[in-house]
Amino acid sequence: MIKREHWGSRLGFILAAAGSAVGLGNIWKFPYMAGENGGGAFLLIYLALVFTIGLSVMLAEMVIGRMTAKNAIGAFAKLKGGAWPLVGLCGVAAAFIILSFYSVVAGWTISYMVKSITGALAIEDPAALGSIFGGFIADPVSPLIYHAIFMALTVFVVLAGVGSGIERASKILMPALFALLLVLIVRSVTLPGAGEGIAFLLSPDFSKVTWATVSEALSQAFFSLSLGMGAMITYGSYLSKKENIASSAGWVTLLDTSVAVMAGLLILPAVFAFGFDPSAGPGLTFITLPAVFAHMPMGSIFAFMFFLLLGIAALTSAVSILEVVVAYFVDDRGISRKWASITVGVIIFLLGIPSSLSMGLMGEFKIFGLGFFDLMDYVSSKLLLPIGGLFISLFVGWVVWGKAKEDIAAHNGVVPFWINGWGIIVKFIAPLAIAFILLKGLGVL
Ligand code: VAL
């Protein structure tokens, strides 16, 4: 048997796990969701969910991975067996589905990088930019080429392995991401009129909040923290017993949440400064922002930097999702990393095709009233991730609690003072809250 790889350093692990968490979810999705759901109110609900349920499930996943040194399915099989590996399977399925449409959107960012350089986006009118975006995503060929390029990049990193691929890429890309983010925020918040956008994000208006908002915030927390998709189990499985796992989980959660808030502070002030609509939905980044950049001096450079930032964030996330599936085939099916990465990459690319085409050619094709892209998003983010999180909490709280406590204390032999607080969350609060919000969101309660 080949010896399992380990992360080279604590920093390497934190950057890779933060690289997984920080992605399109933070920069593309979070600002428009906040924009649609009352700004500050959404932010507060989101923060409350992240630092209770999110952080607890993150730690639970990392512990499951580290205790077993196994992929998401194998980890449950090793600890308990029975029906529990199905929870891992649910995560692997979510990873598979998410990457298929994630790569399509990531492809759009590459195309927008190119468009920023050629000056094709230097247009101040959002309506014209709307037709450029609409025309591009509806095209049957071009988005697929970018989708293929992005998948190829992802496969390339995963193929190189945990240390020389994922960790090395994260150590270069994550600092670059933070630097780009800071430059762009400084530009955005110093625009005349930016204060209104900052106020929108920081002052809550609860009149728009419904159970649907809370359910959106919960799915967003799982998606953004990469929970319920096996990623943190898999990344935890490469972690050595010497590391302080709880503090790492805390750092990853904090970094992910800071980037979401920073992305809000980057996008919303600029949108307000130029009088655009913050509730423009998924088009906010691809339609409204280019208009904002076109109003700025040296706008093309900022536009390019922004889409580069988005592409980098997407790549380190996509790598973690592909690794979930690849780790399963490598550990449990004895397939080489090279073949697993390439084969899984190709299959996920193929599954992404109908998602891309649902923006144009297949626009009329609906399942349960949803286009293919929306269906994939719904099944994964709204159902599989929270359901996975629910069972992961129950598993750690009730099935392997004693072992989990030992694992948390493995680095220094001291059981931390908050352990029972975490216990109450994973045993009771998280499962009940997730079940309640899920049922409310589905309209069952
Ligand atoms: N967590 C990432 C994101 O927010 C991915 C892995 C879903 O984009």
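First things first, this report covers the structure right here in the doc. (Residues numbered from 1 in each chain as written. Predicted model: local features only at pLDDT ≥ 70, side-chain atom pairs only at ≥ 80, totals over all residues. Heavy atoms only, no water.)

### Details of the packing of helix α15 (residues 337–357) against helix α16 (residues 372–399)
For the pair α15 and α16, the least separation of the axes is 6 Å and the interaxial angle reads 120°. Between α15 and α16, the interaxial angle falls into the category oblique. Residues L351, P354 and S355 of α15 lie in contact with α16, whose contacting residues are F372, F373 and M376. Of the residues belonging to the contact of α15 with α16, the class tally is five nonpolar, one polar and no charged. (Axes fitted to C-alpha atoms, helices over the stretch in contact; angles between N-to-C directions. Helix = DSSP H or I, 4+ residues; strand = E, 2+ residues; numbered from the N terminus. Parallel < 35°, antiparallel > 145°, perpendicular 65-115°, else oblique. Contact = heavy atoms within 4.5 Å. Nonpolar A, V, L, I, M, F, W, Y, C, P; charged D, E, K, R; others polar.)

### Considering the nonpolar core
Core analysis: the biggest nonpolar cluster contains 163 residues, and W7, M62, I64, F286, F306, L309 and W422 have the highest contact counts within it. At 20 residues, helix α14 (residues 299–333) tops the list of elements feeding residues into this core. Excluding residues that lie within four positions of it along the chain, I64 makes contacts with A75, F76, L79, I233, I392, F395 and V396. (Core = buried A, V, L, I, M, F, W, Y, C linked by side-chain atoms within 4.5 Å. Buried < 20%, exposed > 50% of the residue type's maximum accessible area, 1.4 Å probe, protein only.)

### Side note on the site of the ligand
For the ligand, the set of nearby residues contains 13 residues, the closest of which are A21, G25, Y102, F223 and S226. Contact between the ligand and A21: a nitrogen atom at 2.9 Å from a main-chain N or O atom of the residue. Separating a nitrogen atom of the ligand from a side-chain N or O atom of S226 is a distance of 2.9 Å. Coverage of the ligand by the protein chains reaches 100% of its 260 Å² of free accessible surface. When residues of the shell around the ligand are traced back to their parent elements, those giving at least two are α1 (10–21), α2 (24–36), α10 (211–224) and α14. With three residues, α2 is the largest single contributor of residues to the shell around the ligand. Classifying every residue of the shell around the ligand by side-chain character gives six nonpolar, seven polar and no charged. (Near = heavy atom within 4 Å. Polar contact = N/O pair within 3.5 Å; in protein donor to acceptor, adjacent residues only side chain to side chain. Areas by Shrake-Rupley, 256 points an atom, 1.4 Å probe, with all protein chains shown as cover.)

### Points about the pattern of salt bridges
Scanning the entire structure with this criterion turns up seven salt bridges. The shortest N-O distance in the salt bridge between D331 and R4 comes to 3.0 Å. Of the two residues, D331 is situated in helix α14 and R4 in the segment before α1; the sequence distance between them amounts to 327 residues. On the accessibility criterion, D331 (24% relative accessible area) is partly exposed. Where K241 meets D407, a salt bridge forms, and the shortest distance between an N and an O atom there is 2.7 Å. Here K241 is found in the loop between α11 (231–236) and α12 (245–273), whereas its partner D407 is found in helix α17 (residues 401–408), with 166 residues between them in sequence. Taken together, the shared-partner salt bridges connect R66, K241 and D407 into one network. (Salt bridge = Lys/Arg side-chain N within 4 Å of Asp/Glu carboxyl O.)

### Points about helix α9 (residues 195–202)
Regarding α9, the residues found buried are G197, F200 and L201. Take α9 and look down its axis: the buried residues cluster within an arc of 90°, on one side only. In α9, the exposed residues that point more than 90 degrees away from the buried face are E196 and L202. (Arc of directions from axis to C-beta.)

### Quick word on the packing of aromatic side chains
Considering all chains together, one arrives at 28 aromatic pairs under this definition. Between Y102 and F223 the ring centres are 6.2 Å apart and the planes differ by 45°, which places this aromatic pair in the tilted class. Remark: F223 occurs in helix α10 and Y102 occurs in helix α5 (residues 85–118); sequence separation between them is 121 residues. The pair formed by Y102 and F223 is uniform in burial state, with each residue classed as buried. When the ring of W108 is compared with that of F133, the centres are 5.4 Å apart and the planes differ by 85°; the resulting orientation is edge-to-face. Of the two residues, W108 is situated in helix α5 and F133 in helix α6 (residues 126–138); the sequence distance between them amounts to 25 residues. Take W108: its relative accessible area is 4%, and that puts it in the buried class. Residue classification places F133 among the buried positions, given a relative accessible area of 8%. Pairwise contacts between aromatic rings join F101, W108, Y112, F133, F136, Y146, F286, F293, F306, F307 and F373 into one cluster. Residue placement shows K115 over the ring face of F136; its charged tip is 4.1 Å from the ring centre. A cation over an aromatic ring shows up here: K427 above the ring of W398, its NZ or CZ 5.8 Å from the ring centre. (Phe/Tyr/Trp six-rings, centres within 6.5 Å; stacked < 30°, edge-to-face > 60°. Lys NZ or Arg CZ within 6 Å of the ring centre and 35° of its normal.)

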